[in-house]
Amino acid sequence: MKYIKTLQMLLLMLTFVCSNLYAQSTAEISVSTTVYDQYRQPVSGATISLNKGAVLGRTDTTGKFSVKASPYALISIKAKGFKEEFYKANAVPRSISLQNDNSNKNYTVNLINREVNVKDLPGAITVINPEDYIDLDYSLTVVNGTAGRLAGLLGANNIWGMENALILIDGIARDINDITFNEVGQVTVLKGVNAVALYGPQAAKGAILITSRRGIVGPAQIKVRATQGISTPTALPKFLQSADFMTLYNEGRRNDGVPTLFTDAQIAGSRSGNKYRYPNVDYYSSEFIKNSTNSTDVNAGFTSGNETAKFYSNIGWSSNNSLLKLGEGNNEQNNRFHLRGNVDIKLSNRITTSIDVAAVLNDNRTGLGNYFGIAATALPSRYSPLIPISSVAAGPARVVANQSRNIIDGKYILGGAQDILTNPFADLLVGGYQKSIRRSFQLTQKINVDLSGILPGLYLKTRLNVDFVNTYLQSINNTYSVYAPTWNATQDSITALTKYGNDSRTGAENINNTAQTMNKGLLVQLGYDKTVNSDHNISAVVVGYGNMGTISGVAQALTYANVALEGKYNYKHKYWADFTAGVSNSTKLAAGSRSGFSPTVNLGWLVSSEEFMANAKFIDMLKLSVSAGSLNTDLDINNYYLYDNPYQQGAGFTWADGGFSNNATASIYGANPGLKFSKRKEITATLQGSFFNELISLQTTYFRTNMEGLPTQRFSQYPNYYSTLTPYSNYNANQYTGVDFAVGVNTKVGPVNLNIGLNGTFVKATAIKRDEINADAYQNRTGRDVSAIFGLVSKGFFANAADIAASPSQAFGAVQPGDIKYVDQNGDNIINERDEIQIGRTLSPFNYGLNIAASYKNFTLFVRGTSSIGGSAITNSNYFWVDGDDKYSEIVLNRWTPATAGTATFPRLSSLTNNNNFRNSDFWLYKTNNIMLNKVQITYRLPSKLIDGSFVKNLNIYVVGSNLYNFSAKRDIMNLNVGSAPQMRSFFLGCTANF
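Everything numeric here is computed off the predicted structure, so don't read it as measured data. (Residues numbered from 1 in each chain as written. Predicted model: local features only at pLDDT ≥ 70, side-chain atom pairs only at ≥ 80, totals over all residues. Heavy atoms only, no water.)

Asker: Where do I start with the overall build of the protein in this structure?
Answerer: Along the protein, the regular secondary structure elements total eleven helices and 50 strands. Taking the principal axes of the C-alpha coordinates as reference, the protein spans close to 145 × 70 × 60 Å. Looking at the protein as a whole, 49% of its 995 residues qualify as buried. In the protein, of all internal contacts separated by at least 6 residues, the share reaching a separation of at least 24 is 69%. (Helix = DSSP H or I, 4+ residues; strand = E, 2+ residues; numbered from the N terminus. Buried < 20%, exposed > 50% of the residue type's maximum accessible area, 1.4 Å probe, protein only. Contact = heavy atoms within 4.5 Å.)

Here you go:
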């Protein structure tokens, strides 16, 4: 009994101890830390889970979270785009740096009215998520924010060189400027024919899907961004001053064998005399042009939500001014205000809905006239835009001057001439102003219904959108008089003024150029998603989409309709087979030809999952996809009724000795009711992978795309007199072949986190079929680049009369020594259009983008560069092709003269029209090869200890330089705008703050 009691006592004590130990082990502790990305930027919205189960919470806008858990519990930290991290609760560090998940194993991509896991995507698709990098690479516009980041995209909407890619904002065709980069959650570039098949004929040249941000579950978060910028011209045109212009113009007249126009006294006066009597107007001087412009961008984003409702909104204002100094030039301002709100609501366990509203208001105020256009053509010596009243002699002329209603600064009246009734300075000073107003409103509603009660995996989705755009021009238009002075022959005084025009300021505000556009669309999607036995994943979608756009004053509505079916199957996410087919309708074609069937197929294989790859330890993931298909499109049918035989009023005729008259009825082109869709036929192969424990990521696509059946009039099949009856038919064809690639490297070098992204595209665009008959085969466009530049081949300048006599005759006008000499391609001893050959191409076949981000402690350096190689262009503006009465630029200084014959780079001067020298030839051709330093940004994140306890949760400060330098042998040409506002190099200082 004694031992039994002792044993009972020991068991009791043991039970007590164990209970105590258990209680200690299960007592919860508080776990707090801050979650960053690899650039030490806070990661908000990261999910904190217990043992991969219950969600304990989410990080706030500063990346912080605080939860309670058992000391030995396994805590998971997971965020979209990052690798999941695990820690024991009692071993969670003070800060956690998540690494990018280059494999994107659970990443979703936005497609037509649905989301798809990235691992199940067909190959020829590129995806970026701006929220991952916008704080390190600030851009206001989508075009700038995606530049140099997307393989296959050669511009704002040019995929693989085909151009005219469809821009979709939240699944709807909209203007890319209707959304700022701050509002964008994802950009998806659909390149392959299989990827765009669901979107119908309008996406036949690729599609760019821009998805706006949406609310997330969690407490309210506010992010505010403010940026102030300054921009300076990269280059300004350099025109000759009056004296040099007049001297060289006289030289040109002597070359033409006609008397000189300007006297030595006029030339001397322009160099050092009265600038009003001898005008020498530099339209680009600092007297009229500012050194820089200013810009401002302020926006705020708000998000909040729970399991029932989520909300995202963004409100912003941006503004910039112009370089002009005078009058209304000082008031020129472009203002843009936007407001976006996206709401997601869970109505029941089976029904959800969303309502998206966006409004954009543009108000662009400018002075009247076309300052930069006139500045590029107005001769510096022609007239003085301003005439000082102090130079007008007392008497009748002074009375005329003082009677002007437009006396500038109390000192000047407006100058002009009988043939110059306006001038750009007067337009800005007294002409008035105009405002270009644009108002857009977009409403989108989606309803999603889970029909699994009828059939497991069945669902229904609908989307309705209504967009309105209203534009108009609001202006005040004043008229003004100009005065032509008569100067005293011996003194610097004006003895007479001749007035042209009248001064009038009615004060009336004019409204014109009004236009209203309305776009309505409806999408209905019935889908089925099912996984059988955990291995067989089956999905099917039927989509019907209709759209109608109307424009005020245009009778023909823009209508589109498309029905498509997509079936997908994959086995263990290892083998994929996708089939997509669409039936499209186009009102641009005749009845009976308006519908077309478009089938496509895609096959995928996760190579890395095979047993024979088990020993390839350096391969994390390797996937191969191939696709092929044919897609109908009417994008290249550039008008309605091309299938018909339209007529117009023809030439007039009379009879009865002129007593009666009438007009003939003339055909424009013949009818072809059988005109059909053009077709995009394509095969692609895509390889995706990650290597060396996700150190390196890769995606590359080979493509061969034929655009066949392009409409053209086949004049080669009809005699010349039948040209107005020649119908349009599907004949021409282009081929685009090439490869694009994107390589990413994500690593750490000592204390520096380094991320490098390199992407590139090589494309060969060939005209494989053209309707043509050329006497010389080298002039055929078939087999040559789609963007081929044809012109003559130059061989220097004619040296003298003997050289001219010994050379082939040039059919473009009489030539002299100093004119350009050309190669006779066909040996007929005549230089004419038959000697033109391909001398270049405008499309650069090689295009690259490089992005580098390096982070050290709280600093991040970002650098972006782009490059294009292999393209060409012609310098064919009046800045380079100077003849007749054109304004002389600095280009003419190294002109041909007998003294400079060995070194001249410009032909002889001429005051007459010179058709021989100024035409397409390799003399004016230049290579557009360049390496562009697009952007450098330095970002500093304030340490949390400096703002702890304040209402500010996170604060970044950044400085940015954009469009910094063009490493090109021809950068002086490429940086120059003539006849329009200059290109700008910009610098920004900004900050972002989270609350």
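Asker: Help me out: how do you make sense of the packing of aromatic side chains in this one?
Answerer: Between two aromatic rings, the relevant description is the distance of the centres plus the angle of the planes. Counted under the stated rule, the structure contains 38 aromatic pairs. Taking 5.1 Å as the distance between ring centres and 85° as the angle between the ring planes, the aromatic pair formed by F245 and Y888 counts as edge-to-face. A residue pair is termed long-range when its members are at least 10 positions apart, and F245 in helix α4 (residues 242-256) and Y888 in the loop between β46 (872-874) and β47 (925-927) qualify at 643 residues. Assigned by exposure class, F245 and Y888 land together as buried. When the ring of F906 is compared with that of W924, the centres are 5.9 Å apart and the planes differ by 70°; the resulting orientation is edge-to-face. Of the two residues, F906 is situated in the loop between β46 and β47 and W924 in the loop between β46 and β47; the sequence distance between them amounts to 18 residues. The two residues F906 and W924 agree in class, both being buried. (Phe/Tyr/Trp six-rings, centres within 6.5 Å; stacked < 30°, edge-to-face > 60°.)

Asker: Teacher, can you tell me more about the sheet that holds strand β3 (residues 55-58) here?
Answerer: Pairing between sheet strands relies on hydrogen bonds along the backbone, with the strands arranged either parallel or antiparallel. If you walk across this open sheet you meet the four strands as β3-β2-β5-β6, and the pairing is antiparallel. Each of the sheet's edge strands pairs with one partner strand only, and the pair in question is β3 and β6 (85-88). Going from strand to strand, the sheet's axes swing by 25° on average, the running direction of each strand aside. Across three bridges, strand β2 (residues 47-50) lies against β3 in antiparallel orientation. Of the residues in β3, the one forming a bridge with T47 is R58. (Pairing = 2+ DSSP bridges. Axes fitted to C-alpha atoms, helices over the stretch in contact; angles between N-to-C directions.)

Asker: Explanation requested: the pairing of strand β27 (residues 536-551) in the structure shown.
Answerer: A regular strand places its side chains on the two faces of the sheet in alternate fashion. With 16 bridges connecting them, strand β26 (residues 510-532) and β27 associate as antiparallel partners. Across the sheet, the residue bridging to L526 is V542, located in β27. The antiparallel pairing of β26 with β27 creates a hairpin that spans three residues between the two strands, and N533 there sits at a positive phi of about 55°.

Asker: Would you explain the environment of R714 in this entry?
Answerer: Mapped onto the fold, R714 is located in the loop between β35 (696-713) and β36 (728-749). Looking at R714, the relative accessible area reads 21%, which means it is partly exposed. Remark: the alpha-carbon pair of R714 and F302, spanning 412 residues in sequence, is separated by 58 Å.

Asker: Before we go on, may I ask you to explain helix α5 (residues 264-272) in this structure?
Answerer: In an α-helix, one turn spans 3.6 residues; hence positions three or four apart end up facing the same way. Among the residues making up α5, those that are buried are I267, G269 and S270. Buried residues of α5 fall within an arc of 160° about the axis and therefore sit on the same side. In α5, the exposed positions that point more than 90 degrees away from the buried face belong to D264, A265, R271 and S272. Of the surrounding elements, those touching the buried residues of α5 are α4. (Arc of directions from axis to C-beta.)

Asker: Explain the sheet that holds strand β4 (residues 64-69) to me, please; I cannot follow it from the model alone.
Answerer: Read from one edge to the other, the open sheet built from three strands follows the order β4-β1-β7, with strand pairing classed as mixed. Strand pairing shows two members of the sheet lacking a second neighbour, β4 and β7 (95-97), which therefore form its edges. Recorded for the sheet is a direction-independent mean angle of 35° between the axes of neighbouring strands. Across three bridges, strand β1 (residues 29-36) lies against β7 in parallel orientation. Considered in β7, the bridge of V35 is made with I96.

Asker: For this particular structure, what's the right way to read the nonpolar core?
Answerer: Within soluble globular proteins, side chains that are nonpolar generally end up buried alongside one another. Among the nonpolar cores identified, the biggest contains 54 residues, and Y283, Y371, Y888 and V892 are the most heavily contacted of them. Broken down by secondary-structure element, the contributors of at least two residues to this core are α4, α6 (371-375), α8 (424-430), β41 (820-822) and β43 (837-841). For this core, the element with the most residues is α4, which contributes five residues. With residues near it in sequence (within four places) discarded, Y371 still touches Y283, F288, I289, L324, P424, F425 and L428. Within the second largest apolar cluster, 28 residues are counted, among which are I134, F181, I210 and Y736. (Core = buried A, V, L, I, M, F, W, Y, C linked by side-chain atoms within 4.5 Å.)

Asker: How should unusual backbone geometry be read in this particular structure?
Answerer: A positive phi angle, near 60°, is found at N164, a position not held by glycine. The residue N164 is located in the loop between α2 (142-146) and β11 (166-169) in this model. N164 sits in the partly exposed class, given a relative accessible area of 47%. Of note in the backbone geometry, D170 takes a positive phi value of approximately 55° without being a glycine.

Asker: Can you walk me through the pattern of salt bridges in this structure?
Answerer: Opposite charge on two side chains makes pairing possible when the charged atoms of those side chains draw close. In the structure shown here, the tally under the stated rule is 31 salt bridges. Note that D467 and R174 form a salt bridge whose closest N and O atoms lie 2.7 Å from each other. Note that D467 is positioned in strand β23 (residues 458-477) and R174 in the loop between β12 (172-173) and β13 (184-190), a separation of 293 residues in sequence. Given the relative accessible area of 6%, D467 is considered buried. (Salt bridge = Lys/Arg side-chain N within 4 Å of Asp/Glu carboxyl O.)

Asker: I tried to follow a nonpolar patch on the surface on my own but got confused; where do I start?
Answerer: Together, L526, V542, V563, L565, F579, V583, F597, V601, L603, L624, V626 and L687 give the surface a local cluster of nonpolar side chains, amounting to about 940 Å² of exposed area. Broken down by secondary-structure element, the contributors of at least two residues to the nonpolar patch are β28 (558-571), β29 (575-585), β30 (595-606) and β31 (619-633). A per-element tally of the nonpolar patch places β30 first, with three residues. Relative to the assigned elements, V601 resides in strand β30. (Patch = residues over 30% accessible without salt bridge, like charges linked within 9 Å, V, L, I, M, F, W, Y side chains within 5 Å. Areas by Shrake-Rupley, 256 points an atom, 1.4 Å probe, with all protein chains shown as cover.)

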